[in-house]
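Next come the chains, spelled out residue by residue.
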Amino acid sequence: MGSHKDEQNPKANPKATLPTPVTPAGRDALDAILDRPGRTVIALDFDGTLAPIVPDPEQARAHPDAVAALAALAPKVAAVAVVTGRPAGVAVRHGGFAGVPGLEHLVVLGHYGAERWDAVTGTVSAPAPHPGVAAVRAELPGLLDSVGARQGTWIEEKGRAVAVHTRRATDPQAAFEALRSPLTDLAARHGLIVEPGRLVLELRPPGMDKGVALREYLEETDAEAVLYAGDDLGDIPAFATLEKLRTEGTPALLVCSGSTEVTELSERADVVVDGPEGVVRLLAAIADRM
């Protein structure tokens, strides 16, 4: 198999240049991924990683080259999974993942792992929804009015969760900070937690996060190496899981889909790429080098 140390590979796509991880653990992980692709799991966030962030989440779509890059990579590795806070079915539709040659075994872990879509069956499996979500949904409009935050904020229905976006507000960051405490209190009253993101606060049931979902999936697939790419605060648990796996001997590559809105992830990443465009280029480069 190839290696990122092969500086000149005449058979490689000249556009598919692999970045060099900034950490020794990252460099070891990239070598392991390239040397043992059949035992490698590729896991990716959706919004901000495979799809650009847009003002209206309903308009978010995967990068135009994302599906092709995934379809080229998936047959060469043990498994590819999309791990997202969105409902699994929504991520499948917005990603254009269904019925794609090469993605016959793709898995989408939605709602932080509470839902699962398998390309093999084309169906979503999930437990019953948490009753607190309906209660919070009913109270949210009144709460936003009471704190003077209705102007420019937007409520996103997510089925098993509900999110408040501030990206359209006059001062998005100020609105975000002003809502953190009242939304945290509202969530707590109904047995939920608040998951902060890029100018969004999501109220959802506790017990699942991307780290838990990723760890369970990696155990299921018996992975010997893993790459995870994310962009947001919700991806920190996944990074923490990979950092723990490293201490247990599993090579893990932490990739940040970079933005100026969130720096916590880039500070822990082995590789930082330029948003979804950079993620797609990285996936294509790995597939090419394999």
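Remember, predicted model here, so these are calculated numbers, not experimental data.

A. Summary view of empty space enclosed by the protein. Per the stated rule, a full pass over the model turns up one cavity of 30 Å³ or more. In this model, the largest cavity occupies a volume close to 430 Å³. What lines the largest cavity is a set of 29 residues, among which Asp-47, Ile-53, Lys-158, Val-200 and Asp-232 lie closest to the centre. Contributing elements (two or more residues each) for the lining of the largest cavity: strand E7 (162-165), strand E8 (193-196) and strand E9 (200-204). It is E9 that provides the largest number of residues to the lining of the largest cavity, a total of three residues. Residues that form the lining of the largest cavity fall into these classes: eleven nonpolar, five polar and 13 charged.

B. Broad picture of the side chain of Lys-210. Here Lys-210 shows up in helix H6 (residues 210-221). In this structure the side chain of Lys-210 is engaged in a polar contact, spanning 3.0 Å, whose partner is the side chain of Asp-235. Not counting the four nearest positions on each side in its chain, Lys-210 is found in contact with Asp-45, Val-83, Thr-84, Gly-85, Tyr-112, Tyr-228, Gly-234, Asp-235 and Ala-238.

C. Layout of the nonpolar core. Core analysis: the biggest nonpolar cluster contains 46 residues, and Leu-44, Leu-50, Phe-97, Leu-103, Val-108, Leu-283 and Ile-286 have the highest contact counts within it. Ranked by residues supplied to this core, first place goes to helix H8 (residues 275-289) with seven residues. Residues within four places of Ile-286 in sequence aside, it is in contact with Leu-18, Ile-33, Leu-34, Leu-73 and Leu-227. Membership of the second largest hydrophobic core comes to 23 residues, among which are Ala-79, Val-226, Phe-239 and Leu-245.

D. Looking closely at the packing of helix H4 (residues 131-146) against helix H5 (residues 172-189). Interaxial distance between H4 and H5 falls to 11 Å at its minimum, and their mutual angle equals 150°. Considering the angle they form, H4 stands roughly antiparallel to H5. The element H4 and its partner H5 pack so that their crossing is right-handed. Here Val-136, Glu-139, Leu-140, Leu-143 and Leu-144 of H4 come into contact with H5, specifically with Leu-179, Pro-182, Leu-183, Leu-186 and Arg-189. For the contact of H4 with H5, a count of residues per class yields eight nonpolar, no polar and two charged.

E. Spatial organisation of the pairing of strand E3 (residues 107-110). The two faces of E3 match: Val-107 and Leu-109 on one face and Val-108 and Gly-110 on the other face are all buried. The pairing of strand E2 (residues 79-83) with E3 spans three bridges and is parallel. Its bridge partner lying in E3, Val-82 is registered against Val-108. Taking the sense of rotation as the criterion, the β-α-β connection linking E2, helix H3 (residues 88-95) and E3 turns out right-handed. Where E3 and strand E4 (residues 115-118) come together, four bridges link them in antiparallel fashion. Across the sheet, the residue bridging to Val-107 is Asp-118, located in E4. From the end of E3 to the start of E4, which pair antiparallel, there are four residues, and His-111 there has a positive phi angle of about 50°.

F. The sheet that holds E4, seen in detail. A sheet is described by the order of its strands in space; here eight strands give the open sequence E5-E4-E3-E2-E1-E10-E11-E12, paired in mixed fashion. Two strands bound the open sheet, and with one partner strand each, they are strand E5 (123-125) and strand E12 (271-273). Across this sheet, the average inter-strand angle for adjacent strands is 20°, counted without regard to direction. When E4 meets E5, the two strands line up antiparallel, connected through three bridges. The residue bridging Asp-118 from the neighbouring strand is Thr-123, located in E5.

G. Here's a closer look at helix H1 (residues 24-35). With twelve residues, H1 ought to run about 16 Å at 1.5 Å a step, and its terminal C-alpha atoms sit 16 Å apart, in line with that. Gly-26, Ala-29, Leu-30, Asp-31, Ala-32, Ile-33 and Leu-34 are the residues of H1 that are buried. Against the buried residues of H1 lie strand E1 (40-44), strand E10 (225-230), helix H7 (236-247), strand E11 (252-257) and H8.

H. Highlighting the environment of Ile-33. Tracing the sequence through the fold places Ile-33 in helix H1. A sequence separation of 110 residues divides Ile-33 from Leu-143, and the C-alpha atoms of the two residues are 48 Å apart. Not counting residues up to four positions away in its chain, the partners in contact with Ile-33 are Thr-40, Ala-225, Val-226, Leu-227, Leu-253, Ile-286 and Met-290.

I. Fine view of the packing of H6 against H7. Packing of H6 against H7 brings their axes to within 6 Å, and their N-to-C directions diverge by 45°. With respect to H7, the element H6 is oriented oblique. H7 is crossed by H6, and the crossing has right-handed handedness. Between H6 and H7, the contacting residues are Lys-210, Gly-211, Val-212, Leu-214, Arg-215 and Leu-218 on the first element and Pro-237, Ala-238, Thr-241, Leu-242, Lys-244 and Leu-245 on the second.

J. Representation of the pattern of salt bridges. Tallied over the full model, the rule gives 20 salt bridges. Residue Arg-160 is joined to Glu-115 by a salt bridge in which the shortest nitrogen-to-oxygen separation is 3.0 Å. Of this pair, Arg-160 sits in the loop between strand E6 (154-157) and E7 while Glu-115 is found in strand E4, placing the two residues 45 residues apart along the sequence. A residue is classified by how much of its surface remains accessible, and Arg-160, at 16% relative accessible area, is buried. According to the relative accessible area criterion, Glu-115 is buried, its value standing at 10%. Here Arg-246 ties to Asp-270 by a salt bridge, and the two come within 2.2 Å at their closest N and O atoms. Remark: Asp-270 occurs in the loop between E11 and E12 and Arg-246 occurs in helix H7; sequence separation between them is 24 residues. Here Arg-246 falls in the partly exposed class, since its relative accessible area comes to 24%. Residue classification places Asp-270 among the buried residues on the basis of a relative accessible area of 2%. Among the ionic contacts, a cluster of salt bridges with common partners joins Arg-36, Arg-39, Asp-222 and Glu-224.

Rules and cut-offs
- Residues numbered from 1 in each chain as written.
- Predicted model: local features only at pLDDT ≥ 70, side-chain atom pairs only at ≥ 80, totals over all residues.
- Heavy atoms only, no water.
- 1 Å grid on protein atoms, 1.4 Å probe; cavity = no way out; pocket = protein on both sides within 12 Å on 5 of 7 lines; lining within 4 Å.
- Points joined across faces, edges and corners; volume = space filled by probe spheres on them.
- Helix = DSSP H or I, 4+ residues; strand = E, 2+ residues; numbered from the N terminus.
- Nonpolar A, V, L, I, M, F, W, Y, C, P; charged D, E, K, R; others polar.
- Polar contact = N/O pair within 3.5 Å; in protein donor to acceptor, adjacent residues only side chain to side chain.
- Contact = heavy atoms within 4.5 Å.
- Core = buried A, V, L, I, M, F, W, Y, C linked by side-chain atoms within 4.5 Å.
- Buried < 20%, exposed > 50% of the residue type's maximum accessible area, 1.4 Å probe, protein only.
- Axes fitted to C-alpha atoms, helices over the stretch in contact; angles between N-to-C directions.
- Parallel < 35°, antiparallel > 145°, perpendicular 65-115°, else oblique.
- Left-handed = near helix turned anticlockwise from the far one by under 90°.
- Pairing = 2+ DSSP bridges.
- Right-handed = clockwise from strand over helix to strand, strands pointing away.
- Expected span 1.5 Å × (residues − 1).
- Salt bridge = Lys/Arg side-chain N within 4 Å of Asp/Glu carboxyl O.

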